Amino acid sequence: GFLRLIRADRPDDPDHPGHTGQAALRFDLRGTHWRIYLLLYLMMLPVIFAASLRPEFIRVYPFVAIARSSLGYFALWEVAYLSQFFALEFFFRGFLLFTLARHMPKAVAIARDVVPYTMIHYHKPMLEALGAIIGGCLLGYLALRYRSWVGGAFLHASVALTMDSAAVITSGKF
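None of the values given here were measured: they were computed from a predicted structure. (Residues numbered from 1 in each chain as written. Predicted model: local features only at pLDDT ≥ 70, side-chain atom pairs only at ≥ 80, totals over all residues. Heavy atoms only, no water.)

### Describing unusual backbone geometry
To keep things clear, this is the line we draw: Each helix is a run of DSSP H or I of at least 4 residues and each strand a run of E of at least 2, with the numbering of both proceeding from the N terminus.
In this structure, the amide linkage connecting Y61 to the following residue, P62, adopts the cis form with an omega of -15 degrees. Relative to the helices and strands, P62 is located in the loop between helix 3 (55-60) and helix 4 (71-101). A positive phi angle, close to 55 degrees, is found at R147, a residue other than glycine. Residue position: R147 is located in the loop between helix 6 (126-146) and helix 7 (150-171).

Right, dumping it as structure tokens:
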């Protein structure tokens, strides 16, 4: 409240109105939070494998049809595709979520962040669109908890690469 507005002596405090948000860029491998993202990735592997057997996922992944035709095109597509996850996570879990969390309770900020995030999944298979709600809430919580969106970007990109790879392998494309 009011006390946060007058605490000019601590601009490094995330609750301080003048805080730059640079802490949101950190991802400390010496800390423990990277292990949580690794555990989440490992937990996603059976889900990804099961999804890769479903026709609606095989039809969609990878998004660009030519990426299904050869390993070279697949690699080229993945470089472009995976890089966008860093922009996406920066926007949703960096810029939007950290801004909202300064002005409202964290749970409300996460919920408001998840709505547009889920909307960008509407064109994907229904199970993935529903999973975006859970994933968005979890990645939002972790971003606020560890003051960084970077781990979520690595997790999101890793899951996407694994899904694309599993769909191509399962469909026998190359």
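### Observations concerning helix 5 (residues 106-119)
Condition: To estimate how far a helix should reach, multiply one less than its number of residues by 1.5 Å. Whether a residue is buried, partly exposed or exposed follows from its accessible area with a 1.4 Å probe, protein chains only, as a fraction of its type maximum: under 20%, in between, or over 50%, in that order. In this description, one arc is meant: the one made by directions from the helix axis to the C-beta atoms.
In this model, helix 5 (14 residues) spans 20 Å end to end at C-alpha, consistent with the 20 Å of a helix rising 1.5 Å per residue. Among the residues of helix 5, A109, I110, D113, V114, Y117 and T118 are the ones counted as buried. All buried residues of helix 5 lie within an arc of 155 degrees about the axis, which places them on one face of the element.

### A closer look at a nonpolar patch on the surface
Rule in force here: Exposure above 30% relative accessible area and the absence of a salt bridge qualify a residue for a patch, where like charges join within 9 Å and nonpolar side chains (Val, Leu, Ile, Met, Phe, Trp, Tyr) within 5 Å. Here, Shrake-Rupley sampling with a 1.4 Å probe gives the accessible areas, and only protein chains in the shown set may cover a residue. The rule for a salt bridge is simple: a side-chain nitrogen of Lys or Arg has to be within 4 Å of a carboxyl oxygen of Asp or Glu.
Side chains of F63, V64, I66, Y73 and L76 sit close together on the surface and give an oily, nonpolar patch of about 450 Å² of accessible area. Within the fold, F63 resides in the loop between helix 3 and helix 4.

### Some details on helix 2 (residues 33-52)
This is how it is decided: A residue's bend is the angle separating two fitted axes: one through the seven residues that end there, the other through the seven that start there.
With 20 residues, helix 2 extends 28 Å between its outermost C-alpha atoms, agreeing within 8% with the 28 Å of an ideal straight helix rising 1.5 Å per residue. Of all the bends in helix 2, the greatest reaches close to 30 degrees and is centred on L45; the proline P46 follows between one and four positions later. Of all the residues in helix 2, the buried ones are H33, Y37, L40, I48, A51 and S52.

### Some thoughts on the packing of aromatic side chains
Keep this limit in mind: Aromatic pairs are defined between Phe, Tyr and Trp rings, using the six-membered ring for Trp, whenever the two ring centres lie within 6.5 Å; interplanar angles under 30 degrees are classed as stacked, those over 60 as edge-to-face, and all others as tilted. In this analysis the charged atom, NZ for Lys or CZ for Arg, is taken to sit over a ring once it is within 6 Å of the ring centre and within 35 degrees of the ring normal.
A full pass over the atoms with the stated rule returns 10 aromatic pairs. On the numbers, 6.2 Å between centres and 20 degrees between planes, the contact of F57 with Y61 is stacked. With a centroid separation of 5.0 Å and 85 degrees between ring planes, the pair formed by F91 and F92 is classed as edge-to-face. Overall, the relative accessible area of 38% leaves F91 in the partly exposed class. Using a relative accessible area of 6% as the deciding quantity, one classes F92 as buried. Grouped by ring-pair contacts, the aromatic residues F57, Y61, F63, W77, Y81 and F85 constitute a single cluster. One cation-aromatic arrangement involves R93 over Y117; the distance from NZ or CZ to the ring centre is 4.1 Å.

### Thoughts on the confidence of the model for the protein chain
To be explicit about the condition: A residue's pLDDT is the confidence the predictor assigns to it, expressed on a 0 to 100 scale. For this analysis, residues touch if any pair of their heavy atoms sits within 4.5 Å.
Residues with a pLDDT of 70 or more make up 82% of the protein chain, whose mean pLDDT is 86. Looking over the protein chain, one finds the lowest element-wise mean pLDDT in helix 1 (residues 2-6), namely 36, and the highest in helix 5, namely 97. Throughout residues 16-20 the model reports pLDDT below 50, and contacts reaching past four residues in sequence, or to other chains, amount to 13 contacts.

### A short note on the packing of helix 4 against helix 6
Note the threshold: Angular values range over 0 to 180 degrees, each being the angle between N-to-C directions of two axes fitted as lines to C-alpha atoms, with helices fitted over their stretch in contact. Take the far helix as the reference: if the near one is turned anticlockwise from it by less than a right angle, the crossing is left-handed, and if turned clockwise, right-handed. Asp, Glu, Lys and Arg are counted as charged, while Ala, Val, Leu, Ile, Met, Phe, Trp, Tyr, Cys and Pro are counted as nonpolar; the rest, among them Gly, fall into the polar class.
Relative orientation of the contacting elements helix 4 and helix 6 amounts to 65 degrees, with a least axis distance of 10 Å. For the crossing formed where helix 4 meets helix 6, the hand is right-handed. Every residue of helix 6 that contacts helix 4 at E89, R93, L97, F98 and A101 is listed here: G136, L139, G140, A143 and L144. Of the residues in the contact of helix 4 with helix 6, the class split is 6 nonpolar, 2 polar and 2 charged.

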